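# Working through the structure, step by step
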Amino acid sequence: MIKIIEGDITKTDKDIIIQQVNCKGFMGAGLAKTIMQRYNNVKNEYQAFFMEQIKALEKEECLLGMVNYVNVYDGKIVANIFGQVDIRKHRLDNKVYTVKEALIKGIEDVKGKAEMYSLSIAIPTYIGCGLAGGNWTEVKSEIEAVFHDSTVDVVFYHYRG
């Protein structure tokens, strides 16, 4: 099992911070908002990556499972995983936007990078399960399966703001 730490993921000592992003080019709610406030280049690089990929792929859905790695000022890397196509429309919207297979594919990509360069990883609890509506029990189980036999140092960060 992956250890859970209470705290702000943007203040982690881990090398890579994972977050789920959408395939619309919008960032500004949930954890993404907190990351944007701490690391001002993340949104611009995410949107530039999004535009570049959309020109090449022509369909937003083709971004699913991709990872946009952004180097930030304190030496960390923010890994933007494209794990949902659309975004929540309003507070009462109960639709599940997370495409679990895409999120897990992205996490596997990050795991490969971490193994290759001996990097550690911070993952927010409830990734893909807050505004994106996923099922945390299922997502957590699949993330733990990805790292089951791995030597990568991975921690879930749980923040109560």
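See the structure shown above.
So, here's what we can say about the structure.

Below, the discussion takes up the overall build of the protein chain. Of the regular secondary structure elements, the protein chain holds 4 helices and 6 strands. Mapped in sequence order, the helices and strands of the protein chain form the string β-β-α-α-β-β-α-β-α-β. The C-alpha atoms of the protein chain give 15 Å as radius of gyration, which agrees with the globular expectation for 161 residues (15 Å, within 12%). Buried positions account for 49% of the 161 residues belonging to the protein chain. If you average the places of the 20 positive and of the 21 negative side-chain charges in the protein chain, the two averages end up 6 Å apart.

The next point concerns the sheet that holds strand S6 (residues 154-158). Reading across the sheet, the 6 strands line up as S1-S6-S5-S2-S4-S3 and stay open at both edges, with mixed pairing between neighbours. Edge strands, defined here as strands with exactly one partner in the open sheet, are strand S1 (3-6) and strand S3 (67-71). Averaged over all pairs of adjacent strands, the angle between their axes in this sheet comes to 30°, without regard to strand direction. In terms of strand pairing, S1 meets S6 through 4 bridges, oriented parallel. Pairing of Ile4 across the sheet is with Phe156, part of S6.

So, on to the pairing of strand S4 (residues 77-84). Burial analysis of S4 places 8 of its 8 residues in the buried class, which makes it a mostly covered element. Where strand S2 (residues 16-22) and S4 come together, 7 bridges link them in parallel fashion. Counterpart to Asn22 in the pairing with S4 is Gln84. Taking the residues between adjacent antiparallel strands as the criterion, S3 and S4 are bridged by 5 residues, where Gly75 takes a positive phi near 90°.

We now examine helix H3 (residues 100-117). Between its terminal C-alpha atoms H3 stretches 26 Å, which fits the 26 Å expected from 18 residues at 1.5 Å a residue. Among the residues making up H3, those that are buried are Lys100, Ala102, Leu103, Ile104, Gly106, Ile107, Val110, Lys111 and Ala114. Where H3 is buried, its residues contact S2, S3, S4, strand S5 (121-124) and helix H4 (136-146).

The residue Ser118 is not glycine, and still its phi comes out positive at about 55°. When you line up the elements, Ser118 lands in the loop between H3 and S5. A positive phi angle is found at Tyr126, which is not glycine, with a value near 65°. With respect to the helices and strands, Tyr126 occurs in the loop between S5 and H4.

Okay, the packing of H3 against H4 next. Where H3 meets H4, the closest approach of the two axes is 10 Å, and the angle between their N-to-C directions is 30°. Taken together, the axes of H3 and H4 are roughly parallel relative to one another. At the point where H3 passes H4, the crossing takes the right-handed sense. Facing Lys100, Leu103, Ile104, Ile107, Glu108 and Lys111 of H3, the residues of H4 in contact are Glu138, Val139, Glu142, Ile143 and Val146. Class assignment for the residues of the contact of H3 with H4 results in 6 nonpolar, no polar and 5 charged.

About the thresholds
- Residues numbered from 1 in each chain as written.
- Predicted model: local features only at pLDDT ≥ 70, side-chain atom pairs only at ≥ 80, totals over all residues.
- Heavy atoms only, no water.
- Helix = DSSP H or I, 4+ residues; strand = E, 2+ residues; numbered from the N terminus.
- Rg over C-alpha atoms; globule rule 2.2 N^0.38 Å.
- Buried < 20%, exposed > 50% of the residue type's maximum accessible area, 1.4 Å probe, protein only.
- Lys, Arg positive; Asp, Glu negative; His and termini not counted.
- Charge placed at Lys NZ, Arg CZ, Asp CG, Glu CD.
- Pairing = 2+ DSSP bridges.
- Axes fitted to C-alpha atoms, helices over the stretch in contact; angles between N-to-C directions.
- Expected span 1.5 Å × (residues − 1).
- Contact = heavy atoms within 4.5 Å.
- Parallel < 35°, antiparallel > 145°, perpendicular 65-115°, else oblique.
- Left-handed = near helix turned anticlockwise from the far one by under 90°.
- Nonpolar A, V, L, I, M, F, W, Y, C, P; charged D, E, K, R; others polar.

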